[in-house]
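# Commentary on secondary and tertiary structure
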Amino acid sequence: MQWEHPGMQKQVLALYRGFLRAARTKSPEDRHQIKSFVSAEFGRNSKLVDRNNFLSIEYLLRRGKKQLEQINSPATLGLSSLNLDSLRTKNLKLCLEFKFLVLIH
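Numbers given to residues run from 1 along each chain, matching the order in which its sequence is written. Only residues with pLDDT of 70 or above have their local features reported here, since the model is predicted, and side-chain atom pairs are shown and tallied only from 80 upward, although totals for entire chains, interfaces and linings are computed over all residues. Excluded from the side-chain calculations are hydrogens and water; all other atoms, namely the structure's heavy atoms, are used.

### Let's talk about the packing of helix α1 (residues 6-24) against helix α2 (residues 28-48)
Between α1 and α2, the least distance of the axes is 8 Å, while the angle of their chain directions is 165 degrees. Between α1 and α2, the interaxial angle falls into the category roughly antiparallel. Where α1 crosses over α2, the two elements pack in a sense that is left-handed. Each of Val12, Leu15, Tyr16, Phe19, Leu20, Ala23 and Arg24 in α1 lies in contact with α2, whose residues at this interface are Arg31, Ile34, Lys35, Val38, Ser39 and Phe42. Basically, the charged four are Asp, Glu, Lys and Arg, the nonpolar ten are Ala, Val, Leu, Ile, Met, Phe, Trp, Tyr, Cys and Pro, and anything else, Gly included, counts as polar. In terms of residue class, the contact of α1 with α2 is built from nine nonpolar, one polar and three charged. To get an axis, a line is fitted to the C-alpha atoms, and for a helix only the part in contact is used. The angle between two axes follows their N-to-C directions and goes from 0 to 180 degrees. Helical segments are the DSSP runs of H or I of at least four residues, strand segments are the runs of E of at least two, and each set is numbered from the N terminus. When an angle is under 35 degrees it counts as roughly parallel; over 145 it counts as roughly antiparallel; between 65 and 115 it counts as roughly perpendicular; any other value is oblique. Handedness of a helix crossing follows the sense of rotation of the near helix relative to the far helix, less than a right angle counterclockwise being left-handed and clockwise being right-handed. When checking whether two residues touch, look at their non-hydrogen atoms; a contact exists if any pair is within 4.5 Å.

### Focus on helix α3 (residues 54-72)
Note that an α-helix has 3.6 residues per turn; residues three or four places apart therefore point the same way. Relative to the 27 Å expected for 19 residues at 1.5 Å per residue, α3 spans 26 Å between its end C-alpha atoms, a close match to the ideal helical length. Phe54, Ile57, Leu61, Gly64, Leu68 and Ile71 are the residues of α3 that are buried. For α3, the angular spread of buried residues about the axis comes to 95 degrees, placing them on one side. Residues of α3 that are exposed and point more than 90 degrees away from the buried face comprise Leu55, Lys66, Glu69 and Gln70. In a helix, the anticipated span is given by 1.5 Å times the number of residues less one. Buried means the residue's accessible area, taken with a 1.4 Å probe over protein chains only, is under 20% of the maximum for its type, while exposed means over 50%, and partly exposed covers the values in between. Comment: arc refers to directions from the helix axis out to C-beta atoms.

### Some remarks on the packing of aromatic side chains
Each aromatic pair joins two rings of Phe, Tyr and Trp (for Trp, the six-membered one) with centres within 6.5 Å, and gets the label stacked for planes under 30 degrees apart, edge-to-face for over 60, and tilted for any other angle. Enumeration according to the criterion identifies two aromatic pairs in this entry. For the pair Tyr16 and Phe42, a centre-to-centre distance of 5.0 Å together with 80 degrees between the ring planes defines the contact as edge-to-face. Separated by 26 residues along the polypeptide, Tyr16 in helix α1 and Phe42 in helix α2 bring together distant segments of the chain. The class of Tyr16 is partly exposed, set by a relative accessible area of 27%. Where Phe19 meets Phe42, the ring centres are 6.4 Å apart and the plane angle is 75 degrees; that geometry is what we call edge-to-face. Of this pair, Phe19 sits in helix α1 while Phe42 is found in helix α2, placing the two residues 23 residues apart along the sequence. Classification of Phe42 as partly exposed rests on a relative accessible area of 23%. Here the aromatic cluster, defined as three or more aromatic residues joined through ring pairs, consists of Tyr16, Phe19 and Phe42.

### Quick notes on a positive patch on the surface
Patch membership is restricted to residues that have no salt bridge and whose relative accessible area is over 30%. Joining uses 9 Å for like charges and 5 Å for the nonpolar side chains Val, Leu, Ile, Met, Phe, Trp and Tyr. Surface accessibility follows the Shrake-Rupley procedure with a 1.4 Å probe radius. Residue values consider only the protein chains on display as shielding. What makes a salt bridge here is a side-chain nitrogen of Lys or Arg within 4 Å of a carboxyl oxygen of Asp or Glu, nothing more. The convention is simple: Lys and Arg are positive, Asp and Glu are negative, and His and the chain ends are not counted. Note that the charge is assigned to NZ on lysines, CZ on arginines, CG on aspartates and CD on glutamates. A surface patch of like charges, here positive, comprises Arg17, Arg21, Arg24 and Lys35. Examining the composition of the positive patch, we find that three residues originate from one element, α1, more than from any other. Tracing the backbone through its elements, the reader meets Arg24 in helix α1. You can call Arg24 exposed: its relative accessible area is 57%.

### Quick notes on the pattern of salt bridges
Across all of its chains, the model carries two salt bridges by this definition. A salt bridge links Arg44 to Glu41; the shortest N-O distance between them is 2.8 Å. With Arg44 and Glu41 both in helix α2, this residue pair falls three residues apart, about one helical turn. Assessed through its relative accessible area of 41%, Arg44 is described here as partly exposed. Across the pair Arg63 and Glu41 runs a salt bridge, and its minimum N-O distance is 3.3 Å. Linking Arg63 in helix α3 with Glu41 in helix α2, this pair joins segments that are 22 residues apart in sequence.

Put into structure tokens, the structure is as follows:
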């Protein structure tokens, strides 16, 4: 299926290449982390977002450009990630445990 806006497709590919270029300037472990994250994120979004949903694609492009700027910033010393699903599950468990303890006392 061809995109109706080939310029947008070029922007997505340029962003992907930008991340790979940025990864080359980082330490080997950060480089691997960036490449893994970028590959997974682009793959996930290519399956979730319809090619004709230009608003979502534009939003993801803006978000990706901001992330790329942060990675390229000299102030960025390292990378870390946070698994929000895991955090939400832990918070829910803590909340349930707290409620349970309150009910006992």
